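Chains, contacts and geometry: an overview
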Amino acid sequence: MKHSSAHAALFLTAIVTLVSLLGTGCAPVSAVDDERTDLVVESAQEPPLTANTLHADLRLAPLQCELPPVEMSASGQRQFVQTALNCLARVWASPLRSAGMSVAPLELVVVDSVISGCSKQVRPTDAAFYCGGSVYWPTDDPIHQGWGSLLEPYLLFVVMHEYGHHLQSSTGILRMADRDIDSAGERSPVGLELSRRIELQAQCLAGVMLAAAQSGGMMTPSGVAELIDIQSDVAEDPAHGTGTNSRRWVETGYRSASTSSCNTWAATPEEVE
C-alpha cells in the first residue's frame, strides 16, 4: 500500500499568502509515508495503536547540534540534513533505549536528479518524504525558496517531522496503520482519518523536538512560536488535516515536551480532522 502525502502540495497553495501576511516565517510541513516497515520493536507482541510504547512519557535531553550553514547546493543540503538527522538520533537514543526499543540507522537519499525510489519516480522538485527507513530529500523543492535567514529553522523542522515518522516506524505504528488503511481503502473516510492520525502525530513529535531544540539553545522562543503559528496556514487536506489541528498538535508536543501527549490514536475524530 502506498500512503503518499507530499508537503509541497499543501504549502504551494498557501505560500503566497504566508509571505505576504507574515513577511518572514517558516512554512508548515507534512510528509509522504511509504513502505514504512524496516524497524522493529523488541517486544514479541505488538500493542494496539492506542497503547504503543511511543505513547509513554519519553522526554529528550536539550538538543545541541552544531549545524553547518545552509547551502542550497545538493552537497550543502546533504551535509545540513545528515548532520541534523545524526543529532536527532543521538538525542533520541537514551529515551528509546529506556523504553526497550532499538532503532535501525536512518538513511538519507538526496535527490538532485530523477531517480527510482520507493517504487516510484522521485524528482528533485518533489517534497521530502519518509519511506522504508529512508528520508528522501529532493534538492529543488520550490518551498525552499525565499526564506532567507529563516530557511535553517524551516528545514530543521522538516527534518524533525520526517524523524517523527521514523519513530512511528520504529515502534510499529506505521506498519499497523498502513495495514488498517489497506483494509479500509486509502481514500475511504476511515483510511483518510488514519492517514491524518499518522501525519498529526508526526507534527506533535516534531513539537517535542522543538522543545528540546529551544532548551538546548538552538532555537529562540520567538522562533519556535513563529514556526508553530504558521502551521495554522496550511491548506486543508483530507489526508493531513486542517491547519488548526496541525498547529494544535505541534504546540501540544512542544508544550508537554513528552511523547505521551502525541497519542493521536486515542484522540477524538474532531481532534484529527
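Up top you'll find the structure we're talking about.
This structure is a prediction, so every number in the text was calculated from the model and none was measured.

With respect to the overall build of the protein
- Looking only at helices and strands, the protein has seven helices and seven strands in total.
- Along the chain direction, N to C, the helices and strands of the protein fall in the order β-α-β-α-β-β-β-β-β-α-α-α-α-α.
- Counting only residues that meet the buried cut, the protein has 54% of its 273 residues in that class.
- Sequence-distant contacts in the protein: of pairs separated by 6 or more residues, those separated by 24 or more amount to 76%.
- Accessible area of the protein: about 10,800 Å², with a carbon and sulfur share of 51%.

Some words on the state of the cysteines
- A complete count under the given rule lists three disulfides for this structure.
- Two residues share a disulfide in this structure: Cys118 and Cys131, whose sulfurs sit 1.9 Å from each other. Judged by the torsion about the S-S bond (85 degrees), the Cys118/Cys131 disulfide is right-handed. Within this pair, whereas Cys118 is found in the loop between β4 (115–117) and β5 (120–122), its partner Cys131 is found in strand β6 (residues 129–131), the two being separated by 13 residues in sequence. There is no split in this pair, since Cys118 and Cys131 are both buried.
- There is a disulfide in this structure between Cys204 and Cys262, and the S-S distance comes to 2.1 Å. Of note, the bridge from Cys204 to Cys262 carries an S-S torsion of about -75 degrees and is left-handed in sense. Taken together, the residues span a long stretch of sequence, with Cys204 in helix α5 (residues 189–215) and Cys262 in the segment after α7 (243–256) at a distance of 58 residues.
- Judged by its relative accessible area of 0%, Cys262 is buried.
- Looking at the protein, its bonded cysteines, counted consecutively from the start of the sequence, adopt the pairing 1-2, 3-4, 5-6.

The rules we used
Numbers given to residues run from 1 along each chain, matching the order in which its sequence is written. Residues qualify for local features only when their pLDDT is at least 70, as the model is predicted, and side-chain atom pairs are given and counted only at 80 or more; totals for whole chains, interfaces and linings, by contrast, use all residues. With hydrogens and water set aside, each side-chain value is computed from the structure's full complement of heavy atoms. Helix numbering and strand numbering both begin at the N terminus, where a helix is a DSSP run of H or I of at least 4 residues and a strand a DSSP run of E of at least 2. Only protein chains enter the calculation, and the probe is 1.4 Å; a residue is then buried if its accessible area is under 20% of its type maximum, exposed if over 50%, and partly exposed in between. Contacts between residues were defined by any pair of non-hydrogen atoms, one from each residue, lying within 4.5 Å. Areas reported as accessible are Shrake-Rupley estimates using a 1.4 Å probe. Residue values count occlusion only from the protein chains shown. When two cysteine sulfur atoms are found within 2.5 Å, that pair is recorded as a disulfide.

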